[in-house]
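Report on the structure
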Amino acid sequence: MMSLKNILSKQTHAALKIISGAVLTAFALVALTAISVNAQVKVVDTTDIMKEFDENSFRDASPVRKVKDSSRLFQHLIGVKAGYSLNDVSFSQAIDHKALTSAKNFGIYYIYYHSLWNSIPLFGIETGLQYTEKGYKSMKYTEPDTVKNRKAITGKERYQCIEIPFVSQFRVDFWKMRILANAGAFGSYTTSTSFSSNVPDSISTTYRKFGYGFIVGGGIALIFNPLEIHFEVNYKYSLNNLFDQKAFYKDTWVSTHPTQLVFTVGLFYRIGKPYG
């Protein structure tokens, strides 16, 4: 009869054999799996991939729209303007008078739109040659000289000028329209005059041939490439005096600054392309 010690020894030896066999089997499976995976892996040739995306692969693609660079925006316009004006004279003393209207306002103009510092396409310059009529209505009262009953003889004091404006024109384009804002100056030369008997020769003969002043205004433009229609309202104030300041009174100077509110319609033609 075998002792308990011998029985335990045989069982331990058998268990070690089983564990050893299991470990060897596990190593064998891992090795076979690695060999199988290695056999299935292929080196990818990137040359073949690049060949699949050559330039011919995109021949049917839609062309990329080019973005118009606003910094290169410029426009040259030439055109004509005609309008109706409300004319007056600003007297520094209490001299009765009224405004005078005139339809003799027309000229030829050139506009250059450009970008400021190649980044802000909101600016332009306008100049030209304009013929305009200015003036006012003088009032001469007859007897009886009372505020209630007095009657006045109205005289139309007119003078015709050639003007050269130089205006900075700010603009904002949207859709097929343009908002305009004007600010600038002008110089003028009086070519002819027509004064009534209300203005004595001692005054009328002292009128100034040369004048200058400032312009402010605005408007809107309708764009029909290459034509444009401009609707504008501009106010002009002359810094010079129409008559000699000493002509009215011996002991008092009288300032006479002409003013003009002009409503114009212009037709312009765009020269060249709108973008450079």
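Helix and strand counts for the protein come out as three helices and 10 strands. Secondary structure elements of the protein, listed N to C terminal, follow the sequence α-α-β-β-β-β-β-β-β-α-β-β-β. In the protein, buried positions account for 30% of the 276 residues. Expressed as a percentage of contacts within the protein between residues at least 6 apart in sequence, the contacts between residues at least 24 apart total 69%. Accessible surface for the protein amounts to roughly 18200 Å². Of this, 64% is attributable to carbon and sulfur atoms.

Before going further, it helps to examine empty space enclosed by the protein. Within this structure, the stated rule accounts for two cavities of 30 Å³ or more. The wall of the largest cavity is formed by 13 residues, among which Lys-81, Tyr-109, Gln-130, Asn-234 and Lys-236 lie closest to the centre. At the level of secondary structure, the elements contributing two or more residues to the lining of the largest cavity comprise strand E5 (120-141), strand E6 (152-174), strand E9 (227-238) and strand E10 (256-271). For the lining of the largest cavity, the class distribution of residues is five nonpolar, four polar and four charged. There is about 90 Å³ of room inside the second largest cavity. A per-class count over the lining of the second largest cavity returns seven nonpolar, five polar and three charged.

Moving on, we come to the packing of aromatic side chains. The tally for this structure, following the rule as stated, stands at nine aromatic pairs. With centroids separated by 5.2 Å and ring planes inclined at 70°, the aromatic side chains of Phe-123 and Phe-170 adopt a geometry described as edge-to-face. Here Phe-123 is found in strand E5, whereas its partner Phe-170 is found in strand E6, with 47 residues between them in sequence. Look at Phe-170 and you get partly exposed, because its relative accessible area is 37%.

The subject of this paragraph is the layout of surface pockets. By volume, the largest pocket is sized at about 320 Å³. No other element matches E5, which puts four residues into the lining of the largest pocket. In terms of residue class, the lining of the largest pocket is made up of 11 nonpolar, three polar and one charged.

On to the confidence of the model for the protein, then. Mean pLDDT over the protein works out to 81, with 69% of the residues at or above the 70 mark. Below a pLDDT of 50 lies the segment residues 64-72, which in the model reaches seven contacts outside its immediate sequence neighbourhood of four places, other chains included.

Calculation criteria
- Residues numbered from 1 in each chain as written.
- Predicted model: local features only at pLDDT ≥ 70, side-chain atom pairs only at ≥ 80, totals over all residues.
- Heavy atoms only, no water.
- Helix = DSSP H or I, 4+ residues; strand = E, 2+ residues; numbered from the N terminus.
- Buried < 20%, exposed > 50% of the residue type's maximum accessible area, 1.4 Å probe, protein only.
- Contact = heavy atoms within 4.5 Å.
- Areas by Shrake-Rupley, 256 points an atom, 1.4 Å probe, with all protein chains shown as cover.
- 1 Å grid on protein atoms, 1.4 Å probe; cavity = no way out; pocket = protein on both sides within 12 Å on 5 of 7 lines; lining within 4 Å.
- Points joined across faces, edges and corners; volume = space filled by probe spheres on them.
- Nonpolar A, V, L, I, M, F, W, Y, C, P; charged D, E, K, R; others polar.
- Phe/Tyr/Trp six-rings, centres within 6.5 Å; stacked < 30°, edge-to-face > 60°.
- pLDDT = per-residue confidence, 0-100.

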